[in-house]
Amino acid sequence: MVNNEILLEIKDLHVSYGAIEAIKGISLQVRRGEIITILGANGAGKTTTLQTISGLLKPKSGHIVFDKNDITKCEAHDIVSLGMSHSPEGRRVFGILTVEENLMMGAYTLKDHDKETLEWIYDILPRLKERRKQLAGTLSGGEQQMLAIGRAIMSKPKLLILDEPSLGLAPILIKAIFKAVKVIASSGVTVLLVEQNAKAALKLADRAYVLEVGKITHEGTADELLNSETIQEAYLGKKH
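A short tour of the structure in this document, coming up. Computed from a predicted model, the values in this text were never measured in an experiment.

## A short note on unusual backbone geometry
Across residues other than glycine, the phi torsion is negative in most instances, and most of the peptide bonds are trans.
Right, on to step 1. With a phi close to 50 degrees, Asp-12 is a non-glycine residue in the positive phi region.
Right, on to step 2. Note that Asp-12 resides in strand β1 (residues 6-17).
Right, on to step 3. Classification of Asp-12 as partly exposed rests on a relative accessible area of 44%.
Right, on to step 4. Look at Lys-68: it is not a glycine, yet its phi comes out positive at around 70 degrees.
Right, on to step 5. Here Lys-68 is to be found in the loop between β4 (61-66) and β5 (69-70).

## Overview of the side chain of Ser-155
Right, on to step 1. Positionally, Ser-155 belongs in the loop between α6 (141-153) and β7 (159-163).
Right, on to step 2. Assessed through its relative accessible area of 9%, Ser-155 is described here as buried.
Right, on to step 3. Separated by 3.3 Å, the side chain of Ser-155 and the backbone oxygen of Ala-152 make a polar contact.

## Quick word on the pattern of salt bridges
Right, on to step 1. Tallying each qualifying case throughout the model produces 10 salt bridges.
Right, on to step 2. Here Glu-5 makes a salt bridge to Arg-32, at a shortest N to O gap of 3.0 Å. Taken together, the residues span a long stretch of sequence, with Glu-5 in the segment before β1 and Arg-32 in the loop between β2 (20-31) and β3 (35-39) at a distance of 27 residues.
Right, on to step 3. Where Asp-67 meets Arg-32, a salt bridge forms, and the shortest distance between an N and an O atom there is 2.7 Å. You can see Asp-67 sitting in the loop between β4 and β5 and its partner Arg-32 sitting in the loop between β2 and β3, a full 35 residues away along the chain.
Right, on to step 4. According to the relative accessible area criterion, Asp-67 is buried, its value standing at 16%.
Right, on to step 5. Among the charged side chains, a salt-bridge network with shared partners connects Glu-5, Arg-32, Asp-67, Lys-68 and Lys-158.

## Here's the deal with the sheet that holds β1
Right, on to step 1. Strand order in this open sheet of 4 strands is β2-β1-β4-β5, and the pairing throughout is antiparallel. One side of each edge strand has no neighbouring strand; the edge strands of this open sheet are β2 and β5.
Right, on to step 2. Examined bridge by bridge, β4 and β5 share 2 bridges and lie antiparallel to one another. For Val-65, the partnering residue across the bridge sits in β5 and is Asp-70.
Right, on to step 3. Packed onto the sheet, helix α1 (residues 46-53) meets β1, β2 and β4 and runs at close to 115 degrees relative to β1.

## Thoughts on the environment of Ser-85
Right, on to step 1. The residue Ser-85 is located in strand β6 (residues 84-87) in this model.
Right, on to step 2. Remark: the alpha-carbon pair of Ser-85 and Gly-106, spanning 21 residues in sequence, is separated by 9.0 Å.
Right, on to step 3. Those residues in contact with Ser-85 that sit more than four places away from it in its chain are Ala-152, Ser-155, Pro-157, Leu-159, Leu-160 and Ile-161.
Right, on to step 4. Of the polar contacts made by the side chain of Ser-85, one reaches the backbone oxygen of Ala-152; its length is 2.6 Å.

## Structural notes on the nonpolar core
Right, on to step 1. By size, the foremost hydrophobic cluster in this structure holds 48 residues, and its most contacted members are Leu-103, Leu-128, Leu-147 and Leu-202.
Right, on to step 2. Examining the composition of this core, we find that 8 residues originate from one element, helix α7 (residues 171-186), more than from any other.
Right, on to step 3. Contact partners of Leu-128, with chain neighbours within four places excluded, come to Val-99, Ile-121, Tyr-122, Glu-143, Met-146 and Leu-147.
Right, on to step 4. One finds Leu-13, Ile-36, Ala-44 and Leu-192 within the second-largest nonpolar core, a separate group that totals 26 residues.

## Quick look at helix α4 (residues 115-124)
Right, on to step 1. Those residues of α4 lying buried are Thr-117, Leu-118, Ile-121, Tyr-122 and Ile-124.
Right, on to step 2. For α4, the secondary structure elements touched by its buried residues are α3 (99-105), α5 (126-130), α6 and α7.

## What to know about the sheet that holds strand β8 (residues 190-194)
Right, on to step 1. Pairing in this open sheet of 6 strands is mixed, and the strands run β6-β7-β8-β3-β9-β10 from one edge to the other. Two strands in the sheet have a free side with no partner beyond their single neighbour: β6 and β10 (215-221). For this sheet, the mean inter-axis angle between neighbouring strands, taken without regard to orientation, is 15 degrees.
Right, on to step 2. Here 4 bridges tie β3 to strand β9 (residues 207-212), and the two strands are oriented parallel to one another. When the sheet's bridge partners are listed, Thr-37 is paired in β9 with Ala-208.
Right, on to step 3. With respect to the sheet, α1 is in contact with β3, β6, β7, β8 and β9, its orientation differing from that of β7 by roughly 150 degrees.
Right, on to step 4. Where α6 meets the sheet, its contacts fall on β6 and β7, and the angle it forms with β6 comes to roughly 170 degrees.

Analysis parameters
Residues numbered from 1 in each chain as written. Predicted model: local features only at pLDDT ≥ 70, side-chain atom pairs only at ≥ 80, totals over all residues. Heavy atoms only, no water. Helix = DSSP H or I, 4+ residues; strand = E, 2+ residues; numbered from the N terminus. Buried < 20%, exposed > 50% of the residue type's maximum accessible area, 1.4 Å probe, protein only. Polar contact = N/O pair within 3.5 Å; in protein donor to acceptor, adjacent residues only side chain to side chain. Salt bridge = Lys/Arg side-chain N within 4 Å of Asp/Glu carboxyl O. Pairing = 2+ DSSP bridges. Contact = heavy atoms within 4.5 Å. Axes fitted to C-alpha atoms, helices over the stretch in contact; angles between N-to-C directions. Core = buried A, V, L, I, M, F, W, Y, C linked by side-chain atoms within 4.5 Å.

Geometric descriptors of this kind do not, in isolation, establish any biological role.
Now the structure itself:
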């Protein structure tokens, strides 16, 4: 359920790799309970934005406020403890651990391993339950993506960050993953999603931002962007 309370706010964020400015003064807001998507082509700065929010990269300037805490200079593990979880591009599961061991790794910030959360993950991603004793390295790409999302949810986050969850997956698996994201969001978890499958992302999201070469060029409700001729031509494959 969306309310007007701002959970995450980015103000005038600049991020550089050496002399190259990757993010050029972006500002955005995520309200509690929303699903927000960031769209953009390869190299637009989407992953850099997510990594800076979650503390994996440090900004050159600007501010990031999460749940009323200024986290601009915080370390990634401290940000996780505040209630943010990041499922990275490329899944990065622990291949030599079982599915269940991978999931438990996601709960390392909690004092007690939460069996209820584990069972809930198995309910919304039943393929993981079937494979719970299997080594993660033997899973298909789609199953590894499900595992990465499940692991991120184990810390019971207020904000779940997903980077390209549908990348390289078959349509049937994309559908299953997006359905799971919707269930996760309906449980009260706020979702910030970077996704190249613009149409699927906009159908899922409440609002969206479009990032081009480190700058936000469009923002609005998902419906507004779905119906924008500019966005349709650039990201939805429709020509006018």
